[in-house]
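Examining the three-dimensional arrangement
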Amino acid sequence: MAPRGLTVLVVGSGGREHALAWALSRSPSVSRVLVAPGNGGTTTIAENLPIAATDIPALVATAREHRVDLTVVGPEEPLARGLVDAFQEEGLLAFGPTAAAARIEASKAWAKDVMRAAGVPTARATIVSDLDQARTALTAFSYPLVVKASGLAAGKGAVIANDRHEAERVLHWMLVERGLGSAADQVLIEEFLVGREASFLVVTDGETVVPLQPARDYKRLGDGDTGPNTGGMGAYAPVPDVSPELQQQILERIVVPTLEEMRRRGIVYRGVLYAGLMLTAEGPKVLEFNCRLGDPETQVILPLLGSDLAALLLVATRGTLHEIGTLHWYPGVAVTVVLASGGYPGTYRTGLPIAGLDDVPNDVLVFHAGTRRDDGQIVTAGGRVLNVTAVAPTFAAARKRVYTAIESIRFPGMTYRRDIALAEVAMQATPFAERE
Ligand code: AMP
Ligand code: GLY
């Protein structure tokens, strides 16, 4: 009898988790993929379990019941609430940082303190906890500036203020009206950085660091980076302006010192460390750290990964990541475009039927984000609904595949950005020597 492959459990329900379940289901070492709770897309490649991503006791019980070899946690909230700690106590393997390590995302105030101690370049910030402190702190900043809740705020925690009036309004909303609840017990007033953004993610066991392909996501709702911030409207990878030299610099000046400083504080960071960077004229600076894979960055990183994902995550979880060697990446680029519900990131309707999914060509991947299966019909179930994704030799070719496929998909109110990776098409058309 052939040896049993790994049983893996993916925790979460978005596009990132569909991409994780998809990549794990293709891993040669995996024989069974479970997702809790999953979505309308994950059911086609894995088994959905009706357990909320934050129901840690139920996840522990199900991991035991199904003899799960490795649990892979998508979102930050279960990590910050101690999912990995709870699994460790039960002798179960879960990929991701402990609650203490997840503070790098769950407390921006603490993350700033780690960066300051480690000498990591980041936006200058002052931490305040009431309006009087905030008013005093404002005098030391020019505009625009950024007001950020220290705690987890599901993408709503960072607001750019263009003048003192706006800054005071946001600070009042966070600190007095408590618009974000306890997430804004502490608030950062932060210098506004100028440049292009990049998401630089590494897998680490606290010692060995394995970088993933750099990605770029699009946070604003509208074309040309207009409109409100969202969870992410599209992404591409790799990022040509994050050169191998720049990647080395990011590792040496940002990632490694941050991990070392955490170790100095008694915290071994295992999982994905995601550095949200601004590529400024003075070099890369940290905007934020996340304690997990990005969404929608994962949807462009994983389709490029040629190595066995489960094997990678397993050795990282065991603390033997050095065994993995260098990762294999497919040549080419990946582009993903988010199809969102009309009204997102504000209020929107759900339960709307999605048509045309069967007409999408085989060379296009559709990762479901906010969908569910309703009597055999796929219907919308969230703000970000689908991630239409393609890998191709060039950004122009990947964009063409994605946007052609989108033409066959329909649901009432469907909105999306038309300019994902468009800037890279213009760049690729420019001879290298003439760039910048
Ligand atoms: P964060 O939640 O810290 O990643 O912030 C969300 C988004 O706000 C970032 O992706 C940036 O687009 C923007 N942002 C955050 N901090 C800054 C900053 N210091 N300067 C300029 N833009 C920022
Ligand atoms: N794409 C941004 C994030 O995952 O936080």
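Here goes a summary of the coordinates provided. Going along each chain's sequence as written, the residues are numbered from 1 onward. Labels follow written order: the first chain is A, the first ligand is 1, and so on. Since the coordinates come from a predicted model, pLDDT governs what is reported: local features require at least 70, and pairs of side-chain atoms require 80 or more to be given and counted, while whole-chain, interface and lining totals use all residues. No hydrogens and no water enter the side-chain calculation; it runs on all heavy atoms of the structure.

Let's shift gears to the pairing of strand 16 (residues 271-280). Of all 10 residues in strand 16, 10 are buried, a share of seventy percent or more. Sheet topology places strand 10 (residues 196-204) next to strand 16; 9 bridges connect them, and they run antiparallel. The partner of E197 across the bridge, within strand 16, is M278. Bridging between strand 16 and strand 17 (residues 283-290) involves 7 bridges; their strand directions are antiparallel. Looking across to strand 17, one finds that Y274 is bridged to N290. Hairpin connection, strand 16 to strand 17: the antiparallel pair is bridged by 2 residues. Only protein chains enter the calculation, and the probe is 1.4 Å; a residue is then buried if its accessible area is under 20% of its type maximum, exposed if over 50%, and partly exposed in between. A run of H or I in DSSP counts as a helix once it spans at least four residues, and a run of E counts as a strand once it spans at least two, with each numbered from the N terminus. In short, DSSP must find at least two bridges between two strands for them to pair.

This part takes up helix 11 (residues 309-318). Three- or four-residue spacings in an α-helix give side chains the same orientation, since the helix completes a turn every 3.6 residues. Of all the 10 residues making up helix 11, 8 are buried; the element is thus mostly covered by neighbouring parts of the structure. Taken as a whole, helix 11 has its buried residues at L309, A310, L312, L313, L314, V315, A316 and T317. The contact criterion used is simple: two residues touch if any of their non-hydrogen atoms lie within 4.5 Å. At its buried positions, helix 11 is contacted by strand 1 (6-12), helix 1 (15-26), strand 2 (30-37), strand 4 (70-73), strand 5 (94-95) and strand 10. Here a polar contact is taken to be a pair of N or O atoms separated by no more than 3.5 Å, where protein atoms must pair a possible hydrogen donor with a possible acceptor and residues adjacent in sequence count only if both atoms sit in side chains. A distance of 3.0 Å separates the backbone nitrogen of A310 from a side-chain oxygen at the start of helix 11, and that oxygen is part of D308. Two residues or fewer after helix 11 comes G319, characterised by a positive phi angle close to 85°.

In this section: the pattern of salt bridges. What makes a salt bridge here is a side-chain nitrogen of Lys or Arg within 4 Å of a carboxyl oxygen of Asp or Glu, nothing more. Here the structure, examined in full by the defined rule, presents 28 salt bridges. When the shortest N-O distance is used, the salt bridge between K219 and D217 registers 3.6 Å. You can call D217 buried: its relative accessible area is 11%. Residue R372 is joined to D374 by a salt bridge in which the shortest nitrogen-to-oxygen separation is 3.6 Å. By relative accessible area, R372 is classed as partly exposed at 37%. Sharing partners across several salt bridges, the network here consists of D113, R116, E261, R264 and R265.

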